[in-house]
Structure formats: structure tokens, C-alpha cells
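# Geometric and topological summary
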Amino acid sequence: MKRRYIEIMDTTLRDGEQTSGVSFSASEKLALAQLLLTEVKVDRVEVASARVSAGELEAVQQITAWASQAGLLDKVEVLTFVDGQASLDWMQASGAKVMNLLTKGSLNHLTHQLKKTPEEHFADIQQVILQAQQSGLQVNVYLEDWSNGMRNSPDYVLQYLDFLQTQPIRRVLLPDTLGVMTPSESYSFISQLVNRYPNLHFDFHAHNDYDLSIANVMEAIRAGAHGIHLTVNGLGERAGNAPMASAIAVLRDFMPEVKMGVVEKSLYQVSKIVETFSGLRIPDNKPVVGDNVFTQTAGIHADGDKKNNLYFNALLPERFGRKRSYALGKMSGKANIENNLRELGILLSEGDLKKVTQRVIELGDQKEAVTREDLPYIISDILNTNAIASRVEVLNYVLTHSKDLKPSATLRVRIDTELFEENAQGDGQYDAFMNALKKIYSKKKLTLPELTDYAVRIPTGGRTDALCETIITWKHKNREFKTRGLDSDQTVSAIKATQKMLNTLD
Ligand SMILES: CC(=O)SCCNC(=O)CCNC(=O)[C@H](O)C(C)(C)COP(=O)(O)OP(=O)(O)OC[C@H]1O[C@@H](n2cnc3c(N)ncnc32)[C@H](O)[C@@H]1OP(=O)(O)O
């Protein structure tokens with residue numbers, strides 16, 4: 001089979017930043033542009049709209065300075081407007097060489113927003129393209145509201161494309177601006193254009209208002225689109241754009257006729273970085289990149305994984321540098337517990353395994369979250385064994401919080417048979433506690449794990465009503481694990497989770 005190369009254009013830094021509440025700094029934009037082009041290996045990045053702000057200009061200048069040195073300047077694109085000289089001047093100042101000119105792809109938008117006739121609009125566009133060419137810029141053209149244009153004013157769209165094919169442009173960008181297209185329309189509209197204009201390059205730009213963006217991307221490619229626009233984590237105006245990780249997985253697994261340059265293994269990493277920079281948490285059930293999407297919860301599934309991987313699908317976590325895990329709770333069976341114990345290096349008899357399973361189910365019934373690192377405590381509790389080597393004990397502490405003074409902590413800790421006492425300040429009481437703990441551990445020439453996530457919740461129902469639960473995610477020597485603390489005081493619950501972490505370390 002002859003495979004067709006599909007260009008991937010990432011627009012996290014332009015349309016992705018149109019997510020309400022998201023604003024990337026110049027250095028974040030530079031870091032993401034570098035990561036996307038050199039590690040994820042997308043073909044192009046759209047990094048800003050022209051004229052937006054001084055900060056945006058500075059961001060594009062930094063990106064183009066780097067891209068120029070790296071020989072990647074033709075992969076950096078900026079959205080511009082049909083506004084005479086204004087966008088062109090901005091392009092000049094930014095150092096960018098590829099402009100994605102925003103024009104009207106529906107008669108409705110043209111008539112009501114720009115208040116122009118098609119002939120006037122085409123003349124304005126021709127002028128901009130000519131000036132761009134004279135300034136050494138490459139031009140791609142967006143047909144804004146194109147999907148509604150195809151529905152309601154197809155004659156206008158065809159008249160416009162007849163004109164565009166005479167122009168020195170590189171690509172035609174077809175956005176489903178309002179995210180209203182169905183998969184069958186994506187196929188029929190794009191195949192119509194691909195057949196009528198065999199010499200034009202068409203990119204498809206989906207929006208996810210009806211959760212159809214990935215289905216639309218598939219149909220657009222099946223119809224012959226040459227490129228697609230994606231964003232990391234599906235960021236973008238309103239319900240967002242087509243999410244990169246899902247789109248790449250779908251194309252790899254279901255469209256063997258397609259070739260792409262994107263490195264699958266880097267998708268999770270870039271997703272986590274965008275999560276941090278954007279401040280928007282990835283939903284736990286977001287395909288490919290969500291926290292729980294490679295977690296088996298049901299006991300039957302965990303059991304089946306032991307038997308010829310019965311519950312595996314092609315979406316293997318290792319493809320994305322991730323690992324399958326087995327949840328602990330009321331749906332657990334022996335296999336869930338066994339899988340977690342194996343990770344901890346603990347082996348139990350059949351009888352003891354049953355007792356531990358029963359206890360985990362009871363805790364789950366009380367809506368309590370159970371983490372892998374809780375298992376030694378549960379074993380110790382119900383089997384009366386020494387499954388936890390309680391090497392470290394936080395014996396005493398004083399935490400202060402006062403107006404206009406930095407929070408501080410004094411603590412006394414036992415490590416094996418030695419006693420240590422330290423104090424420190426921090427941004428909050430828990431931070432001060434951790435700083436004091438770090439001092440103690442540095443005396444022992446030991447390093448503490450990196451705290452990568454800190455989640456607090458109030459468990460509802462059962463006997464935990466007035467309690468606060470803190471689940472902390474730690475990273476240590478390439479191992480990621482969670483510990484949980486439960487207390488009526490939030491800081492104390494975090495300290496309890498921390499003590500569990502200390503006893504988990506080698
Ligand atoms: C496909 C997409 O997602 S489109 C997203 C495009 N990107 C952006 O909008 C970036 C964020 N926008 C901005 O920072 C600002 O809106 C700016 C700098 C672009 C313009 O700001 P302002 O000058 O204050 O204009 P404002 O935002 O109020 O209105 C937009 C103007 O652009 C006009 N306009 C709309 N589309 C286009 C176009 N393709 N080309 C040129 N002008 C356009 C509108 O008709 C309106 O003009 P008017 O004031 O004469 O009626």
C-alpha cells in the first residue's frame with residue numbers, strides 16, 4: 001500500500017491560547033515551540049495571532065530567533081488579518097516568515113462582519129498576498145467559517161477558491177470554526193474540494209463543540225486532506241480543537257494508509273508540560289494522557305490481564321512512555337491486590353491475600369481512596385505483621401502561621417535509632433515542614449522525592465465526613481507513587497501522607 005504523508009500543524013500556541021483563562025509567557029511559548037518541533041516533531045507550529053499584544057510580539061521574536069538558528073524558520077507560522085499594512089508590519093517586526101491569512105470562508109461572515117462584497121474581499125486579499133510576496137513572506141490562507149460556507153454559500157466558497165488557485169499561496173486552511181460539522185460532511189465537503197482543485201494543498205482545522213473533532217479529522221483525511229491542525233490536550237476556543245494525542249493514536253491505529261512524523265513517545269511529556277503551563281488540569285479520563293486511562297479497576301479485568309492479556313487493546317501505555325496500573329477499591333479482586341503487591345515486592349499466602357482484598361473492598365465501600373502505598377499499612381493492621389518497616393517517625397512538630405510573617409516549622413524526627421531536630425521557613429506551613437525535613441535528610445546525605453502533585457479532597461459519606469484527605473504524588477528515581485493521609489486538619493493529613501512516603505523509600 002502506498003502511504004500518504006499527512007502534515008501535522010500544532011496550534012496550541014495560537015488557537016490553544018484562545019482557551020478562556022490560558023495565557024502562555026514568552027519563555028513558555030519558546031520552550032513549547034522547541035519541544036513541539038524538535039521532540040514531538042510536528043511539521044509546523046502556529047505560535048500567535050498578529051497584533052495581539054507586546055508580550056506576544058516578544059514571544060514570537062524569541063521563537064523566530066531560535067528557529068532561524070535551528071534552520072526551522074519555515075515551520076513557524078503566525079495568523080494575520082486582511083488589514084492593509086498592519087499585520088505585515090507585525091510580521092516584519094516578529095521575524096516570522098509564514099503567515100496564515102485569516103479571510104472569510106462564508107458569505108455570512110463576509111457580509112455581516114467585514115461588510116464587503118466578494119469582489120472587494122478578493123481584491124483586498126490579492127493586495128495583501130502581493131505585498132507579502134514582495135516582503136519575502138510565505139502565505140497560507142484560512143477560510144474562516146468555511147464549514148458553514150459549504151453548507152449555506154457553496155457558490156461563494158467555490159468562487160473564492162477559483163480565485164485563490166491563481167494566487168501564489170502555499171496552503172488553504174479549512175476551519176470548522178464553530179465545530180458544527182458532522183463526519184459525513186467532513187468527508188463530502190473535502191473530497192469535493194480535493195477533486196476540483198488537485199493542485200491546492202488543503203489543511204483541515206477541527207473544533208470539538210460536539211465532541212466530533214477526531215471523527216471529523218479521520219474523515220477529512222480519508223477524503224484527501226493533506227494536513228491537519230491539532231492542539232496539545234485539545235486546548236482551544238470554547239470546547240477546544242482536536243486533541244493531539246488522541247488524533248495521532250487514532251491515525252496510527254486505524255488509518256494504515258497514513259504516514260506522519262510525530263514521535264508517539266513524546267506525547268505524554270508534552271501534554272504534562274502544557275498542563276502545567278496552561279494551568280488546565282487534564283481530565284483523568286482523557287484518552288492517552290489522562291491519569292486513569294491505563295488503570296484497570298474491575299477485578300475481572302485485572303484477572304484477565306494475567307490470562308493472555310485478555311483486556312489489553314492496541315493502545316498500550318508503553319507506546320506513550322506510561323504504565324498500566326490496577327486500582328484499589330470496592331471493585332478490586334485478588335488480582336488487583338496481587339499486581340500492586342508485586343510492585344512493592346510483597347508476597348502473601350492465598351488466605352492472607354483474601355483478607356487484604358476484603359479490607360480494601362470495605363474501605364472502598366466507605367468511599368475511601370486506597371493507594372498502593374497504603375497496602376503495607378493494611379497488611380500490618382489486619383495481619384498483625386511488620387509489613388511496614390517504620391524506619392522513620394515524625395515525633396513532634398510546631399507549625400506557625402501568622403499575619404505578615406513567613407510560616408515556619410520545627411520538627412523532631414526519628415530515622416532508625418537516630419533523632420534529628422530542625423526548623424525552617426516556607427511559603428506555607430506544609431512547605432516549611434518539608435524544608436525542615438529536607439535539612440534533616442541532607443544531614444543524612446539523603447534526598448527526598450520530588451513532590452509532583454498534591455490533591456486535597458473531602459471524602460463524602462461514611463465515617464469520614466469531617467475529614468480531609470490529601471493524596472500526594474511523588475517521583476523518586478524514575479518511580480512515581482502516591483501516598484495518602486487522612487485527618488481533620490489539612491496540613492496534618494499532608495504530613496501523614498509524607499510520613500508514609502518516608503517509610504516507602506529504599
Ligand atoms: C479562526 C480564529 O480563531 S480567528 C482568531 C483570530 N485571532 C484573534 O482574534 C486574536 C485575538 N484578537 C485580538 O487581539 C484583537 O481582536 C485584534 C488585535 C485582532 C483586533 O482588535 P481591535 O482592533 O480592538 O478589533 P476588535 O477585536 O474589536 O474587532 C475586530 C475587527 O476586525 C475585523 N475583522 C474580522 N475578521 C477580520 C479579518 N479576517 N481580517 C481583518 N479584519 C477582520 C472586524 O470586522 C472588526 O473590525 P471593525 O472594528 O472595523 O468592525
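Rules of the game
For every chain, the first residue of its written sequence is number 1, and the numbers climb from 1 along that sequence. Selection of residues for local features in this predicted model requires a pLDDT of at least 70, selection of side-chain atom pairs for listing and counting requires 80 or more, and totals for whole chains, interfaces and linings are taken over all residues. Side-chain metrics rest on all non-hydrogen atoms present in the structure, leaving aside hydrogens and water. Only rings of Phe, Tyr and Trp enter the pairing, Trp through its six-membered ring, and a pair is recorded when the two centres are within 6.5 Å. The plane angle decides the type: under 30 degrees is stacked, over 60 is edge-to-face, the rest tilted. Runs of H or I in DSSP of at least four residues are treated as helices and runs of E of at least two as strands, each being numbered from the N terminus. Burial classification: accessible surface area is computed with a 1.4 Å probe over protein chains only, and a residue below 20% of its type maximum counts as buried, one above 50% as exposed, and the rest as partly exposed. Think of it as a cone above the ring: NZ of Lys or CZ of Arg counts as a charge over the ring if it is within 6 Å of the ring centre and within 35 degrees of the ring normal. UniProt positions are given in the numbering used here, feature names are shortened, and annotations may be inferred rather than shown by experiment. The rule is simple: put a 1 Å grid over the protein atoms alone, call a set of points where a 1.4 Å probe fits but cannot get out a cavity, call an open set with protein on both sides within 12 Å along at least five of seven lines a pocket, and count a residue as lining if it has an atom within 4 Å of a point. Grid points are joined across faces, edges and corners, and a volume is the space filled by probe spheres set on the points. All residues other than Ala, Val, Leu, Ile, Met, Phe, Trp, Tyr, Cys, Pro, Asp, Glu, Lys and Arg, Gly among them, are scored as polar; the first ten of these are nonpolar and the last four charged. Here the expected span of a helix is defined as 1.5 Å times the quantity of residues minus one. Throughout, a contact is declared for two residues whenever any of their heavy atoms are within 4.5 Å. Domain start and stop positions are those given by an automatic or database domain assignment. The directions from the helix axis to the C-beta atoms are what the arc is built from. We define proximity as follows: a residue is near a molecule or strand when any one of its heavy atoms falls within 4 Å of that partner. Pairing of N or O atoms within 3.5 Å defines a polar contact, subject to two protein rules: one partner must be a possible hydrogen donor and the other a possible acceptor, and residues neighboring in sequence count only if both atoms are side-chain atoms.

### Points about the packing of aromatic side chains
Counted by the stated rule, this structure contains 10 aromatic pairs. Taken together, a centroid distance of 6.0 Å and an interplanar angle of 85° make the contact between Tyr-397 and Phe-433 edge-to-face. Separated by 36 residues along the polypeptide, Tyr-397 in strand β13 (residues 392–402) and Phe-433 in helix α16 (residues 429–443) bring together distant segments of the chain. Assessed through its relative accessible area of 32%, Tyr-397 is described here as partly exposed. Taken together, the aromatic side chains of Phe-122, Tyr-156, Tyr-160 and Phe-163 make up a single cluster linked through ring pairs. Above the face of the Phe-481 ring, Arg-479 is positioned so that its terminal group lies 4.3 Å from the ring centre. Lying over the aromatic face of Tyr-377, Lys-500 brings its terminal NZ or CZ to 5.2 Å of the ring centre.

### Observations regarding the UniProt feature "domain: Pyruvate carboxyltransferase" (unreviewed entry) in the chain
Under the UniProt annotation, the feature "domain: Pyruvate carboxyltransferase" (unreviewed entry) is placed at residues 6–268. Along residues 6–268 one finds 46% helix and 17% strand; the C-alpha atoms at either end are 21 Å apart.

### What about empty space enclosed by the protein?
Following the criterion strictly, the structure yields one cavity of 30 Å³ or more and no others. By volume, the largest cavity is sized at about 60 Å³. Around the largest cavity, the lining residues are Val-232, Asn-233, Pro-243, Met-244, Ala-245, Ser-246, Leu-267, Val-270, Ser-271, Lys-286, Pro-287 and Val-289. Sorting the residues of the lining of the largest cavity by element identifies α10 (244–254) and α11 (267–278) as the ones contributing at least two each. Residues belonging to the lining of the largest cavity are distributed by class as follows: eight nonpolar, three polar and one charged.

### Considering helix α5 (residues 118–134)
Helix length check: α5, at 17 residues, gives a terminal C-alpha distance of 24 Å against a target of 24 Å (1.5 Å per residue), a fit within 8%. Taken as a whole, α5 has its buried residues at Pro-118, His-121, Phe-122, Ile-125, Val-128, Ile-129, Gln-131 and Ala-132. Contact partners of the buried residues in α5: α3 (86–94), β5 (98–104), α4 (107–114), β6 (138–144) and α7 (154–164). Note on α5: the residue one or two positions beyond its end, Gly-136, has a positive phi of about 75°.

### Describing the domain arrangement of the chain
Along its sequence, the chain is organised into domain 1 (4–278), domain 2 (296–314 + 323–384) and domain 3 (392–504). Centre-to-centre separation of domain 1 and domain 3, based on C-alpha positions: 46 Å.

### Remarks on helix α2 (residues 54–70)
Between the first and last C-alpha of α2 there are 24 Å, a value that for 17 residues agrees with the 24 Å anticipated at 1.5 Å per step. Along α2, the residues classified as buried are Glu-56, Ala-59, Val-60, Ile-63, Thr-64, Trp-66 and Ala-67. Buried positions in α2, seen along its axis, are confined to an arc of 165° and lie on one side of it. Of the exposed residues in α2, those oriented more than 90 degrees away from the buried face are Ala-54 and Gln-69. Summarising the contacts, the buried residues of α2 are in contact with α1 (26–40), β3 (44–49), β4 (76–81) and α3.

### What to know about the site of the ligand
In the vicinity of the ligand lie 13 residues, with Arg-14, Gln-18, Ser-49, Val-82 and Leu-102 positioned nearest. In the model, a nitrogen atom of the ligand is placed 3.1 Å from a nitrogen or oxygen of the Val-82 main chain. Elements with a minimum of two residues in the shell around the ligand: β4, β5 and α4.

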